[in-house]
Every structure is written in structure tokens, then in C-alpha cells.
Amino acid sequence: MRPSLIRLLPIALILLLGGCMSRGIPQATGSGEQPAARAVLQKSAEAHGLAAFRQIDDLSVGYAGEWYGLVTKVQPTLIDADFRQGSQERIIFKGGPLIGQRHLGPKGSKQVIRRSGDVQVFYNDAPTTDRDVLAAAALVADGYRMFLTGPFYFLDGNLSLEVGEDETVEGRACTTLVAVRRPGHGLSAEDRYLLFIDTENHLLRRVRFTMEGLESTQGAIAEVDFFDHREIAGVTWPTRFYERLRKPIPSLPVHDWRLIGLDVNRGLSEADVAGPSFSARAAEAARPIK
């Protein structure tokens, strides 16, 4: 276990780790993209509505959720619970991706602008240069794009993609894919991922991932499960998400959140999203999901 993780763990929890380390992510062979793995990923992307997704230039989403108490103490900078209770997020794919997040919490607003190779954060409209805060924000912004867009996220940029062992998620048989991406998500040089794809309907049920882009999470593994899929604008999206830690604390609950709004193609530009707040066009809440 890396020192950065140990520093943040209560002693009582560290004592529990010796005999209950969970299964993580298999090592890839480094053989590039296997044709069989690519075929499974492609079929999943098509099941989620790839043709419709490719017509989306910008995406507006709204989230609401709850953090589990212990994780806010283990990873306070990453969770940032005083500012991250609900959010309105905008993704501009055309010429991007460019991600804008407007988080709200008991202490006010947190605005994140994430471009490839760059991230900006504003607390209550004031910029911050704190290195850990910026790294955490980049990890979260890229992670939420990955969670929402599922198999589409992995269609490009894989250093390797291989078929893993069959597993089950909530009683559903799944084919697993082991992916390595360089760079990874956030400010990571490289991350590894395990995708659980339903063998019957080909939907992505779970993604397990490393978090190398933030010093305090290096060596950790988390996973997110996807539920309650809905077709909106021709794309099948998950509308409920549940995150748990797998390493170093097996099955530690992290976050349970819901997609409460989504609409596509407002015609947003970078100017609508960049800066300490959204433009009026971007700021309008995402269309509620009924």
C-alpha cells in the first residue's frame, strides 16, 4: 500500500486490510486491442445507441446524490462535500471534449472547467491554484464523463483492450474487458479499467478503475455500477450510479447518485462554459427526467 493512502486511513481500518484485500484489475498482456475485445466493445456501444450519440455536439446533465460519511473523511479533497452535493454539467464534444461542472453545496459553488491537459477551478467565483484541488477536479470531471458515456468513452484512446474472465453483476452474466489507457483520466499518465458488459443485452453494468491522477488515491481501485437505464435522444443512458471502493478498503460505500436531467444539442460553445460561471444559455437546468 502506498504511503499516500495510508496517511488518510484511520488506524482501525488499516488493521482490517490484511486478510480482506479485494480482487482488483487483471494485468494486461500489452498486446494492443484484441479483435474479440473490440467486437464486444463495439456491440455494447451500438446497444447504447452509438449512431445517435455521434449526432450529439453538446450535452447538458443534472445530478443529485448522497455521499457516505466515512469516505468524506478518508478523501476530503476528492469528495469536497461542502461544495459537491448536486451539479449541473455540460460537455461539448465538438472540437473537445470540454467539460464544465457547476457544483453546489452548503458552502457555495464550485465551478470546474476541464480541457485536455488543463483544468480550472473556481470556488464561489474565485480561482484556486491548489495543486491537489486541481488534480482532484480533473479526475472527477473525466470520471463523470466516463460514467455517463460508458462504452463510447473507450472507443478511442486504448493502449490495450483484452477479454477478461466472465463475471456477474447483480445476478447478470457479464463479459469483462481489460483496458489500459495512456493518459488515463484526470492528470494520470496511465490508468487501468475493467468493463463488465452484459452478455444478454450488451449494456455496460460496471466499470472498475484505478485513480492514479491524484497523489492521495494512487494505488486505489474503485468501481461504479450502473442502473435504471433510459433511452433519451436515441441513446440508452444509466440514470442511477453507485460507487464503492475496492482497494484499499474493500466494498467501502462512496457515493450514490442519480441523473435528474438531460438534454442535447443546445448549441453551446466554449464561451458558454468557460470561466467562473456558465452563460445564461448554459446555466438553464438540464431538462428534468420524468
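A. Examining the pattern of salt bridges more closely. With the rule as written, the count across this model stands at 21 salt bridges. A salt bridge links Glu223 to Arg244, with the shortest nitrogen-to-oxygen separation between them at 2.6 Å. With Glu223 in strand E12 (residues 221-227) and Arg244 in strand E15 (residues 240-247), this residue pair connects regions lying 21 residues apart in the sequence. Each member of the pair Glu223 and Arg244 is classed as buried.

B. The arrangement of empty space enclosed by the protein in detail. In the structure shown here, the tally under the stated rule is two cavities of 30 Å³ or more. Considered as a void within the structure, the largest cavity measures approximately 280 Å³ in volume. Elements with a contribution of two residues or more to the lining of the largest cavity: helix H5 (69-74), helix H6 (76-79), helix H7 (131-149), E15 and strand E16 (252-264). The element that contributes the greatest number of residues to the lining of the largest cavity is H7, accounting for six residues. Taken together, the residues of the lining of the largest cavity break down into 20 nonpolar, four polar and three charged. Each pocket or cavity is described by its volume, and for the second largest cavity that value is around 100 Å³. The wall of the second largest cavity is formed by 13 residues, among which Gln85, Gly86, Ser87, Tyr144 and His255 lie closest to the centre.

C. Structural detail: the layout of surface pockets. Volume-wise, the largest pocket comes out at about 580 Å³. Looking at the largest pocket, it is lined by 25 residues, and the ones nearest its centre are Pro97, Arg145, Tyr153, Asp156 and Arg181. When contributions to the lining of the largest pocket are tallied by element, the ones reaching two or more residues are helix H4 (50-53), strand E4 (108-115) and H7. Across the lining of the largest pocket, the residue classes tally to ten nonpolar, seven polar and eight charged.

D. Looking closely at the confidence of the model for the chain. This prediction gives the chain a mean pLDDT of 92; 92% of its residues lie at or above 70. Segment residues 1-22: pLDDT under 50, and 40 contacts once partners within four positions in sequence are set aside and those in other chains are kept.

E. Structural detail: the packing of aromatic side chains. Tallied over the entire structure, the rule returns 15 aromatic pairs. Relative to Tyr242, the ring of Tyr68 has its centre 6.3 Å away and its plane inclined at 85 degrees; by these criteria the two rings are edge-to-face. Pair noted here: Tyr68 is in the loop between strand E1 (58-67) and H5 and Tyr242 is in strand E15, with a separation of 174 residues, a long-range link. Assessed through its relative accessible area of 15%, Tyr242 is described here as buried. Taking NZ or CZ as reference, Arg206 lies 5.3 Å from the ring centre of Phe196, over its face. Residue placement shows Arg240 over the ring face of Phe227; its charged tip is 4.9 Å from the ring centre.

F. Quick look at the environment of Leu203. With respect to the helices, strands and loops of the structure, Leu203 is situated in the loop between strand E10 (191-198) and strand E11 (204-210). A relative accessible area of 11% places Leu203 in the buried class. When the C-alpha positions of Leu203 and Pro151 are compared, they lie 8.5 Å apart, and in sequence the two are 52 residues distant. Those residues in contact with Leu203 that sit more than four places away from it in its chain are Ser44, Ala47, His48, Phe196, Ile197, Asp198, His229 and Thr236.

G. Spatial organisation of helix H3 (residues 35-47). The terminal C-alpha atoms of H3, which comprises 13 residues, lie 18 Å apart, in line with the 18 Å expected from a rise of 1.5 Å per residue. All of the buried residues along H3 are Ala37, Leu41, Ser44 and Ala45. Down the axis, H3 shows its buried residues gathered within 100 degrees of arc, on one side only. Summarising the contacts, the buried residues of H3 are in contact with H4, strand E7 (158-163), strand E9 (172-181), E10 and E11. Directly beyond the C-terminal end of H3, a positive phi value near 100 degrees is found at Gly49.

Rules used in this analysis
Residues numbered from 1 in each chain as written. Predicted model: local features only at pLDDT ≥ 70, side-chain atom pairs only at ≥ 80, totals over all residues. Heavy atoms only, no water. Salt bridge = Lys/Arg side-chain N within 4 Å of Asp/Glu carboxyl O. Helix = DSSP H or I, 4+ residues; strand = E, 2+ residues; numbered from the N terminus. Buried < 20%, exposed > 50% of the residue type's maximum accessible area, 1.4 Å probe, protein only. 1 Å grid on protein atoms, 1.4 Å probe; cavity = no way out; pocket = protein on both sides within 12 Å on 5 of 7 lines; lining within 4 Å. Points joined across faces, edges and corners; volume = space filled by probe spheres on them. Nonpolar A, V, L, I, M, F, W, Y, C, P; charged D, E, K, R; others polar. pLDDT = per-residue confidence, 0-100. Contact = heavy atoms within 4.5 Å. Phe/Tyr/Trp six-rings, centres within 6.5 Å; stacked < 30°, edge-to-face > 60°. Lys NZ or Arg CZ within 6 Å of the ring centre and 35° of its normal. Expected span 1.5 Å × (residues − 1). Arc of directions from axis to C-beta.

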